[in-house]
Amino acid sequence: MIKEEELRKLLSEAEADRIERTISTKNTGKFSEAVTAFSNDLANHQLPGYLVVGANDDGSLSGLTVNDELLLNLAALRSDGNIQPLPALSVAKFAFPDGDVAVVEVLPSDLPPVRYRGQVWIRIGPRKGIASEQEERILTEKRIAHARTFDALPCRGSSLDALATDLFQIGYLNQAIAPAVLAKNQRDLVTQLASLRFFDSSRQCPTNAGILLFGKNPLEWLPGAYIQFLRLEGTALTGEILMEKSLSGDLLTVLRELESLIQIQVEQRPVSRSALREKLVIDYPLVALRELLMNAVLHRSYESTAPIRVYWYSDRVEIQSPGGLYGEASPENFPNQNSYRNPVLAEAMKTLGFVNRFGRSVFRAQEALRRNGNPQAEFQFDHNFVRAEIRTA
């Protein structure tokens with residue numbers, strides 16, 4: 001985070017493309033646009049940008065008192081899912097004699113173009129606005145040069161023919177891009193795919209995320225990209241197999257089939273409340289199952305040839321996801337700290353409605369289990385996998 005003396009210097013300078021001042025404390029839309037523009041870093045400073053709340057355009061302070069609510073609201077800009085892919089930001093309070101300021105420090109994204117509600121915001125000098133087609137193309141080229149995560153890398157050997165492009169155009173594009181942008185959109189299919197990180201223009205092939213989401217046969221390119229489901233009698237793998245299913249194909253279809261499959265597995269049973277009354281109790285809350293399964297799909301390593309494995313025993317459900325914890329996440333700070341192994345996939349799952357809010361899935365699952373009377377989910381970590389286990393109520 002910026003130091004106080006650096007902040008004083010920035011406040012004294014004319015407004016430029018690395019700082020935006022505001023006296024508003026509730027204009028979330030304006031804050032999000034600024035964060036998006038700094039994330040895109042069109043000028044390629046490769047330096048943080050700063051949103052300063054509590055400062056006038058001339059750099060003087062407004063006399064604001066910064067409270068915890070404001071800091072929490074600013075920090076939530078990262079995880080509310082409206083800015084895609086997730087921005088890297090930190091928030092801090094600085095106290096001066098003339099008033100407080102809240103500072104949001106935003107790092108340039110490795111995966112531009114970054115969008116807020118489907119629109120690409122940029123800054124050139126003091127100007128903030130929506131990127132033109134050419135400016136968006138510049139951001140796309142910059143992202144290709146810096147792509148680091150596996151889902152953003154080109155799927156070598158594949159081609160546009162490997163994609164079911166109607167899935168993208170009909171099932172995804174209208175949800176990902178703001179209607180106003182689409183209304184004047186004259187871009188061809190490849191440009192649209194590249195803008196959303198599903199196609200690598202320099203290699204002329206889909207990215208791994210593009211194959212996962214819209215591939216005609218993702219297993220041809222990513223052989224571990226499927227889910228293996230087993231329902232077993234008893235409490236061990238040696239039990240009789242009651243149902244076996246393998247879910248593969250484009251991710252949208254897989255996730256819909258997975259939700260349907262899980263719904264028919266959950267059972268209800270009567271529990272006596274008194275001598276004359278009973279209530280129905282479900283063995284597992286659907287919310288908990290859904291959150292943990294979506295978490296496995298989102299955070300697994302798609303470089304692995306192993307599938308996600310779901311084992312449904314008579315007393316528990318085990319979900320095993322290839323790849324250990326990623327980035328800053330560790331057994332000691334899980335689930336409070338998370339890093340996104342597949343940020344392009346995370347953006348798509350949020351766009352399609354399979355993720356509601358980032359970083360909350362495990363907490364939502366644990367709360368649903370508690371309300372239903374189940375024990376809390378337990379997690380086991382290895383370099384090669386993460387396993388979640390939930391037991392019946």
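Given the structure is predicted, the values throughout are model-derived calculations rather than measurements. Residues take numbers from 1 onward in each chain, read along the sequence in its written order. Reporting in this predicted model follows two pLDDT cut-offs: at least 70 for local features of residues, and 80 or more for side-chain atom pairs to be given and counted; totals over whole chains, interfaces and linings ignore these cut-offs and use all residues. Side-chain metrics rest on all non-hydrogen atoms present in the structure, leaving aside hydrogens and water.

Participant: Would you mind going over the overall build of the protein chain in detail, with residue names and values included?
Facilitator: Numbering goes from the N terminus for both helices and strands, where a helix is a DSSP run of H or I of at least four residues and a strand is a run of E of at least two. Each helix and strand counted, the protein chain has 13 helices and 18 strands in total. Our radius of gyration is a C-alpha quantity, and the globule rule it is checked against amounts to 2.2 Å times the number of residues to the power 0.38. In summary, the protein chain has a C-alpha radius of gyration of 23 Å against a globular reference of 21 Å for 393 residues, a match within 12%. Expressed as a percentage of the 393 residues in the protein chain, the buried residues total 52%. Any pair of residues with heavy atoms lying within 4.5 Å of one another is described as a contacting pair. In the protein chain, the share of contacts with a sequence separation of at least 24, taken over all contacts with a separation of at least 6, comes to 66%. Accessible surface computed for the protein chain: about 18200 Å², of which carbon and sulfur atoms make up 47%. Distance between charge centroids for the protein chain: 3 Å, based on 44 positive and 48 negative side chains. Residue burial is assigned from relative accessible area. The probe radius is 1.4 Å, only protein chains are included, and a residue is buried under 20% of its type maximum, exposed over 50%, and partly exposed in between. In short, Shrake-Rupley with a 1.4 Å probe defines the accessible areas, and a residue's cover is counted only from the protein chains shown. In this tally, Asp and Glu contribute negative charge and Lys and Arg positive charge; neither His nor the terminal groups of the chain are included. Charge placement uses NZ in Lys and CZ in Arg. For Asp and Glu, CG and CD serve respectively.

Participant: Any chance you could break down the pattern of salt bridges for me, citing the residues and the numbers?
Facilitator: Think of a salt bridge as a Lys or Arg side-chain nitrogen and an Asp or Glu carboxyl oxygen that are within 4 Å of each other. Taken as a whole, this structure holds 20 salt bridges when the rule is applied. A salt bridge links arginine 115 to glutamate 136, with the nearest nitrogen and oxygen atoms 2.6 Å apart. Here arginine 115 is found in strand E6 (residues 115-116), whereas its partner glutamate 136 is found in helix H4 (residues 133-146), with 21 residues between them in sequence. Judged on exposure class, the residue arginine 115 and its partner glutamate 136 are both buried. Taking the shortest distance from any N to any O, the salt bridge between glutamate 259 and arginine 290 comes out at 2.5 Å. Of the two residues, glutamate 259 sits in helix H10 (residues 251-265) while arginine 290 sits in helix H11 (residues 286-299), which places them 31 residues apart along the sequence. The class of glutamate 259 is partly exposed, set by a relative accessible area of 24%. Residues joined by salt bridges that share partners form a network here, namely Asp315, Arg316, Glu318, Arg387, Glu389 and Arg391.

Participant: Can you break down the environment of methionine 243 residue by residue, with the values?
Facilitator: With respect to the secondary-structure elements, methionine 243 resides in strand E12 (residues 241-247). With near-sequence residues (within four places) excluded, methionine 243 lies in contact with Phe229, Leu230, Arg231, Leu261 and Gln265.

Participant: Tell me about the packing of aromatic side chains, and please be specific about residues and values.
Facilitator: Two rings from Phe, Tyr or Trp (for Trp, the six-membered ring) form a pair when their centres sit within 6.5 Å of each other. Planes less than 30 degrees apart are called stacked, planes more than 60 degrees apart edge-to-face, and all others tilted. Within the structure shown, the criterion is met by 11 aromatic pairs. An angle of 75 degrees between the planes, with centres 5.3 Å apart, marks the rings of tyrosine 172 and phenylalanine 198 as edge-to-face. Of this pair, tyrosine 172 sits in the loop between helix H5 (165-171) and helix H6 (173-176) while phenylalanine 198 sits in the loop between helix H8 (189-195) and strand E9 (199-200), placing them 26 residues apart in sequence. Residues tyrosine 172 and phenylalanine 198 agree in their burial class; the two are buried. Their ring planes at 65 degrees and their centres at 5.0 Å tell us that phenylalanine 334 and phenylalanine 379 sit as a pair that is edge-to-face. Placement of phenylalanine 334 in the loop between strand E16 (316-322) and helix H12 (343-351) and of phenylalanine 379 in strand E17 (residues 378-381) is noted, with a sequence separation of 45 residues between them. For phenylalanine 379, a relative accessible area of 23% gives the class partly exposed. A connected cluster of aromatic rings, assembled from ring pairs, spans Phe168, Tyr172, Phe198 and Phe214. To sit over a ring, a charge needs its Lys NZ or Arg CZ within 6 Å of the ring centre and within 35 degrees of the ring normal. The positively charged end of arginine 300 is found above the aromatic ring belonging to tyrosine 302, 4.6 Å away from the centroid. One Lys or Arg, arginine 316, reaches over the ring of tyrosine 313 and ends 3.9 Å from the middle of that ring.

Participant: Provide a residue-level description of the packing of H10 against H11, including the pertinent values.
Facilitator: Angles shown run from 0 to 180 degrees and are taken between the N-to-C directions of axes, each axis being a line fitted to C-alpha atoms and, for helices, limited to the stretch in contact. Across the interface, H10 lies against H11 with an axial gap of 11 Å and an inter-helix angle of 150 degrees. Classed by the angle they form, the pair H10 and H11 counts as roughly antiparallel. Where H10 crosses over H11, the handedness of that crossing is right-handed. Two secondary-structure elements touch here, H10 through Leu251, Leu255, Leu258, Glu259, Ile262 and Gln263 and H11 through Leu286, Leu289, Arg290, Leu293, Met294 and Val297. In the scheme used here, Gly and all other residues not listed as nonpolar or charged are polar, with Ala, Val, Leu, Ile, Met, Phe, Trp, Tyr, Cys and Pro taken as nonpolar and Asp, Glu, Lys and Arg as charged. Partitioned by chemical class, the residues of the contact of H10 with H11 number 9 nonpolar, 1 polar and 2 charged. Throughout, the term roughly parallel applies to angles under 35 degrees, roughly antiparallel to angles over 145, roughly perpendicular to angles from 65 to 115, and oblique to all others. Two helices crossing with the near one rotated counterclockwise from the far one by less than a right angle form a left-handed crossing, whereas a clockwise rotation gives a right-handed crossing.

Participant: An account of the nonpolar core is requested, with residue identities and associated values reported.
Facilitator: Among the buried residues, those of types Ala, Val, Leu, Ile, Met, Phe, Trp, Tyr and Cys that are joined through side-chain atoms within 4.5 Å form a nonpolar core. The biggest cluster of nonpolar side chains holds 68 residues, and the ones touching the most others in it are Tyr172, Phe198 and Met349. Apart from the residues lying within four places of it in its own chain, the contact partners of phenylalanine 198 are Phe168, Tyr172, Leu193, Pro206, Thr207, Ala209, Gly210, Leu213, Phe214, Val344 and Ala348. Formed by 21 residues, the second largest nonpolar core is a distinct cluster that contains Val53, Leu77, Ile83 and Val106.

Participant: Lay out helix H13 (residues 361-372) with the relevant residues and their values.
Facilitator: The end-to-end C-alpha separation of H13 is 17 Å, in line with the 16 Å expected for 12 residues at 1.5 Å each. Where H13 is concerned, the buried positions are Ser361, Val362, Ala365, Gln366, Ala368, Leu369 and Asn372. Viewed end-on, H13 has its buried residues packed into an arc of 160 degrees, placing them on one side of the element. Exposed residues pointing more than 90 degrees away from the buried face of H13 are listed as Arg370 and Arg371. Glycine 373 lies just past H13 and shows a positive phi near 90 degrees. Multiplying one less than the number of residues by 1.5 Å gives the expected span of a helix. For this quantity, the arc is that covered by the directions from the helix axis to the C-beta atoms.

Participant: Report on the environment of tyrosine 50, specifying residues and quantitative values.
Facilitator: Mapped onto the secondary structure, tyrosine 50 falls in strand E2 (residues 49-53). With a relative accessible area of 5%, tyrosine 50 lands in the buried category. Between the C-alpha atoms of tyrosine 50 and isoleucine 19, which are 31 residues apart in sequence, the distance is 4.6 Å. Beyond its immediate stretch of four places on either side in the chain, tyrosine 50 contacts Ile2, Leu10, Arg18, Ile19, Glu20, Phe38, Val103, Val104 and Glu105.

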